[in-house]
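Coordinate analysis (summary)
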Amino acid sequence: MSKEAESKLSPSTESGVQIPNISLKTSIKTFVDVTNSTLATFEQATNETSTAFASRLMSFGRQARLFATKTMSVYDQRGSYGPQVVAGTALLVGSAFALRRGKFVGGVTGGLAGAAAYGNVYGFQDYSTTWRKYAPKNE
């Protein structure tokens, strides 16, 4: 061993193994360097992951906006195919309830679902103000 290497080693311990003599300042510097490189690796991995996630999220947002726009335009034209909507709703809901609860319950539920669909397509008349015209008057 060279004299420089021997000077960096502490005296042998009881087991005869030489322990290197490292200063506190050097060990702190090494620890900081290792910590910084680990944090840099984590930051790089996080940035790559979040960039990919944000890119996919933006793409999903564009597709969802397009779908919502098309859905709203179809919903705005619901009056032009109202009978199909009312009949389809009554049939679908009535059939599902008829399978689970029986024919009578299915028919009643289908009728109620059809009435609700009719109200949604064509609107409900507001009877809260007009019924007073036809009510008998106390004189």
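Look up: the structure comes first, before these words.
Computed from a predicted structure; not experimentally measured.

Section: the overall build of the protein
Helices and strands together make up the secondary structure of the protein, namely five helices and zero strands. When the helices and strands of the protein are placed in sequence order, the string is α-α-α-α-α. Within the protein, the proportion of its 139 residues that are buried is 8%. For the protein, the proportion of contacts with a sequence separation of at least 24, taken over those separated by at least 6, is 40%. In the form shown here, the protein has an accessible surface area of approximately 12200 Å², with 63% of it arising from carbon and sulfur atoms.

Side note on the environment of F104
Inspection of the secondary structure puts F104 in helix 4 (residues 103-122). In this structure F104 comes out as exposed when scored by relative accessible area, which is 69%. Residues F104 and G94, ten residues apart in the sequence, show an inter-C-alpha distance of 9.4 Å.

Remarks on the packing of aromatic side chains
With the rule as written, the count across this model stands at one aromatic pair. Ring plane angle 50 degrees and centroid distance 4.9 Å describe the contact between Y118 and Y122, whose orientation is recorded as tilted. Here the residue Y118 and the residue Y122 both occupy positions in helix 4, the gap between them amounting to four residues, near one helical turn. Taking the relative accessible area as the measure of exposure, Y118 reaches 46% and is therefore partly exposed. For Y122, a relative accessible area of 41% puts it in the partly exposed group.

As for a nonpolar patch on the surface
A surface patch of nonpolar side chains, about 500 Å² in accessible area, is lined by F97, F104, V105, V108 and L112. Ranked by the residues each element gives to the nonpolar patch, the list is headed by helix 4, at four residues.

Observations concerning the environment of A98
Along the polypeptide, A98 turns up in helix 3 (residues 82-101). The exposure class assigned to A98 is partly exposed, which follows from its relative accessible area of 32%. A C-alpha to C-alpha distance of 8.6 Å links A98 and T109, two positions eleven residues apart in sequence. Residues within four places of A98 in sequence aside, it is in contact with K103 and G106.

Topic: helix 3
Spanning 20 residues, helix 3 covers 28 Å between terminal C-alpha atoms, matching the ideal 28 Å at 1.5 Å per step. Residues of helix 3 that are buried include every one of G82, V86 and G94, and no others. End-on view of helix 3: buried residues confined to an arc of 65 degrees, all on one side of the axis. Exposed and facing more than 90 degrees away from the buried side of helix 3 are Q84, L91, L92, L99 and R100. Of the surrounding secondary structure, the elements contacted by the buried residues of helix 3 are helix 4. G102 lies just past helix 3 and shows a positive phi near 125 degrees.

About the cut-offs
- Starting from 1, residues in each chain are numbered consecutively following that chain's sequence as written.
- Only residues with pLDDT of 70 or above have their local features reported here, since the model is predicted, and side-chain atom pairs are shown and tallied only from 80 upward, although totals for entire chains, interfaces and linings are computed over all residues.
- To get the side-chain values, take all heavy atoms of the structure and skip hydrogens and water.
- Going along the chain from the N terminus, every DSSP run of H or I of four or more residues is numbered as a helix, and every run of E of two or more is numbered as a strand.
- Here's how the labels work: a residue is buried when its accessible area is under 20% of the maximum for its type, exposed when over 50%, partly exposed in between, all with a 1.4 Å probe on protein chains only.
- Every residue pair with non-hydrogen atoms within 4.5 Å of one another is taken to be in contact.
- Each accessible area is a Shrake-Rupley result for a 1.4 Å probe, and residues are judged covered by the shown protein chains and nothing else.
- By convention, a stacked pair of Phe, Tyr or Trp rings (six-membered ring in the case of Trp) has centres within 6.5 Å and planes under 30 degrees apart, an edge-to-face pair has planes over 60 apart, and any other such pair is tilted.
- By definition, no residue in a patch forms a salt bridge, and every one has over 30% relative accessible area; like charges are joined within 9 Å, nonpolar side chains (Val, Leu, Ile, Met, Phe, Trp, Tyr) within 5 Å.
- What counts as a salt bridge is simple: a side-chain nitrogen of Lys or Arg found within 4 Å of a carboxyl oxygen of Asp or Glu.
- Working rule for helices: expected span equals 1.5 Å times residues minus one.
- As used here, the arc is the angular range of directions from the helix axis to the C-beta atoms.

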